[in-house]
Amino acid sequence: MRSRADLASARRVVVKVGSSSLTTAAGGLDEGRLGALVTAVQDLRGRGAEVVLVSSGAIAAGLAPLGLARRPRDLATQQAAASVGQGLLVAAYDRALGASGTPVGQVLLTAEDVVRRGHYRNAQRTLERLLGLGVLPVVNENDTVATDEIRFGDNDRLAALVAHLVRAEALVLLSDVDALHDGPPGRPGSRRVPLVASAADLADVVVGGTGGAGVGTGGMATKLAAAGIATSSGVPVLLTSAALAGEGLAGADVGTWFAATGRRRRTRLLWLAHAARSRGALVLDDGAVRAVRDRGASLLPAGVREVRGEFEAGDAVDLLDGTGAVLARGLVGYAAAEVPALLGRSTSDLARDLGPGWDRVLVHRDDLVLVPPAPG
């Protein structure tokens, strides 16, 4: 997909909508706005596209029924609001789609869970089957059981990962602003940025935080991060307001178009790079750094100088170079308590001294992804 005009004839699109576009500041769903979104999505589906809808709003929808004036700050109350609001949110989508006969399928994901081999394939199969059956999947992060994820508005990032997971042709991010601007949208003189062809186009852009409604957690910064994840893996992005969803999905010149800058990657490695929460770290010696970075090798116990944190086998850990910078992230094959006895020893030594099964690598190259250096 080379331009926003191609959206009109897209075959598979992921659409993400934020809480502030579906709810009022007092909490509760605005079914008129939700209905308008559904109309835009159904128009796209009517042109032959398959659509996955990533929808925030569960916590916000649960505020009014619980008598809460604003989004709670403590985790337990957020989870309670999500538990009440999630059912209301999906029911509202079901009512809005009732006349069309389109079934709604609820898919709740916790980003870290999908990093693990079996889990991410289950999510992929479920979404593919729902689309094949003509269902509109409504995806949300599983806020009722999430821990730190619930605090950071990760549905923008989740939408980018889902777009890659289902091999979407484009990702559409809908919020309460019409586009990316080169300054705060309400400030006189701020101009719409119609096209972002590379990261260099963002050098002079100033972004803000959560919208004025006070019910969302994303803000423009998380949308730019999500756009970066998607475009770097070959999925272009349209960023615009929910009010302009119909025009945007029809290919009109609205919002900001982020051109794809990279190629599609293996899905699980994309999840590992962007969705995994590291449970600890392994500090590598110089030889191991070169082997992992330059030769794409697995990480062997002999190349590790230090273990940090508490983790179990199968958890995501950061691989650090000698300066402490994150070189890569991978799924570790041992628990943290087991690693110190392995440090600096070859796999043949481990097999001889400890027996069969102890000669495996610490992090296999198929479970490892390099992490780009931080800017500056």
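Reading the values: the criteria
- Residues numbered from 1 in each chain as written.
- Predicted model: local features only at pLDDT ≥ 70, side-chain atom pairs only at ≥ 80, totals over all residues.
- Heavy atoms only, no water.
- Buried < 20%, exposed > 50% of the residue type's maximum accessible area, 1.4 Å probe, protein only.
- Helix = DSSP H or I, 4+ residues; strand = E, 2+ residues; numbered from the N terminus.
- Arc of directions from axis to C-beta.
- Contact = heavy atoms within 4.5 Å.
- Polar contact = N/O pair within 3.5 Å; in protein donor to acceptor, adjacent residues only side chain to side chain.
- Pairing = 2+ DSSP bridges.
- Axes fitted to C-alpha atoms, helices over the stretch in contact; angles between N-to-C directions.
- Parallel < 35°, antiparallel > 145°, perpendicular 65-115°, else oblique.
- Left-handed = near helix turned anticlockwise from the far one by under 90°.
- Nonpolar A, V, L, I, M, F, W, Y, C, P; charged D, E, K, R; others polar.
- pLDDT = per-residue confidence, 0-100.
- Salt bridge = Lys/Arg side-chain N within 4 Å of Asp/Glu carboxyl O.

Q: Please explain helix H9 (residues 286-295) as it appears in this structure.
A: Counting along an α-helix, one turn takes 3.6 residues, and residues three or four places apart therefore face a common direction. All buried positions along H9 are accounted for by Ala-288, Val-289, Ala-291 and Val-292. Seen from one end, H9 has its buried residues packed into an arc of 165°, which puts them on one side. Exposed side of H9, more than 90 degrees from the buried face: Asp-286, Asp-294 and Arg-295 are the residues found there. In this structure, the buried side of H9 is in contact with strand S9 (280-284), strand S12 (326-332) and strand S13 (363-370). Two or three places before Gly-287, at the start of H9, stands the capping residue Asp-285, its side-chain oxygen 3.2 Å from that residue's backbone nitrogen. At the C-terminal side of H9, Gly-296 shows a positive phi close to 65°.

Q: It is not clear to me how the sheet that holds strand S4 (residues 136-141) should be interpreted in this structure. Could you clarify?
A: What links the strands of a sheet is backbone hydrogen bonding, and the strands pair in either a parallel or an antiparallel sense. Taken in spatial order, the 8 strands line up as S3-S4-S2-S1-S5-S7-S8-S6 in an open sheet, and their pairing is mixed. The open sheet has two edge strands, strand S3 (104-109) and strand S6 (195-196), and neither has a second partner. Here 5 bridges tie strand S1 (residues 12-17) to strand S5 (residues 170-175), and the two strands are oriented parallel to one another. Bridging from a neighbouring strand, Val-17 pairs with Leu-174 of S5. Running at roughly 150° to S3, helix H3 (residues 75-96) makes contact with S1, strand S2 (50-55), S3 and S4 of the sheet.

Q: Which parts of the structure should I look at to understand the pairing of S12?
A: Remark: a regular strand shows side chains that alternate across the two faces of the sheet. For S12, the tally of buried residues reaches 6 of 7 residues, placing the bulk of the element in the interior. By the bridge criterion, 5 bridges tie strand S11 (residues 316-320) to S12 in an arrangement that is antiparallel. Residue pairing for S12: Leu-320 is matched across the bridge by Val-326. Joining the antiparallel neighbours S11 and S12 is a turn of 5 residues, in which Gly-324 adopts a positive phi near 95°. Inspection of the sheet shows S12 paired to S13 by 4 bridges, in the antiparallel sense. Bridge assignment links Arg-329 to a residue of S13, and that residue is Val-369.

Q: Would you mind showing me how to read the packing of helix H1 (residues 31-46) against H3 here?
A: Two quantities define a packed helix pair, namely the angle between the helix axes and the distance between the axes. It is the contact of H1 with H3, at a shortest axis distance of 10 Å, that shows an interaxial angle of 60°. In this view, H1 runs oblique relative to H3, as classed from their interaxial angle. You can see that H1 and H3 cross each other, and the crossing is right-handed. Only Leu-89, Ala-92, Tyr-93, Arg-95 and Ala-96 of H3 make contact with H1, whose side of the interface consists of Glu-31, Leu-34, Gly-35, Leu-37 and Val-38. Residues that form the contact of H1 with H3 fall into these classes: 7 nonpolar, 1 polar and 2 charged.

Q: Even after reading the chapter, I still don't get the sheet that holds S11, so can you show me in this structure?
A: Taken in spatial order, the 5 strands of this open sheet run S10-S9-S11-S12-S13, and their pairing is mixed. Both edges of this open sheet fall to strand S10 (304-309) and S13, since each of them pairs with a single strand only. Between one strand axis and the next, the sheet turns by 30° as a mean value, whatever way the strands run.

Q: Help me out: how do you make sense of the confidence of the model for the protein chain in this one?
A: Keep in mind that low pLDDT regions are not for reading the predicted coordinates in detail. For the protein chain, per-residue confidence averages 85 on the pLDDT scale, and 88% of positions sit at 70 or higher. Across the protein chain, the element-wise mean pLDDT spans from 73 in helix H8 (residues 267-274) up to 97 in S1. In the predicted structure, residues 210-217 sits below a pLDDT of 50 and forms 21 contacts with residues beyond four places in sequence or in another chain.

Q: Just checking my understanding: could you explain the pattern of salt bridges for this structure?
A: A side chain with one charge can pair with a side chain of the opposite charge if their charged atoms come near. Counted according to the given criterion, the structure contains 11 salt bridges. Arg-191 is the partner of Asp-182 in a salt bridge, and the nearest nitrogen-oxygen pair spans 3.4 Å. Overall, the relative accessible area of 59% leaves Arg-191 in the exposed class. As a salt-bridge pair, Arg-192 and Asp-253 come within 3.5 Å of each other at their nearest N and O atoms. Of this pair, Arg-192 sits in the loop between S5 and S6 while Asp-253 sits in the loop between helix H7 (245-249) and strand S8 (256-258), and the two are 61 residues apart along the sequence. With relative accessibility at 55%, the residue Asp-253 sits in the exposed group. Through salt bridges with shared partners, a single network forms among Arg-4, Arg-192 and Asp-253.

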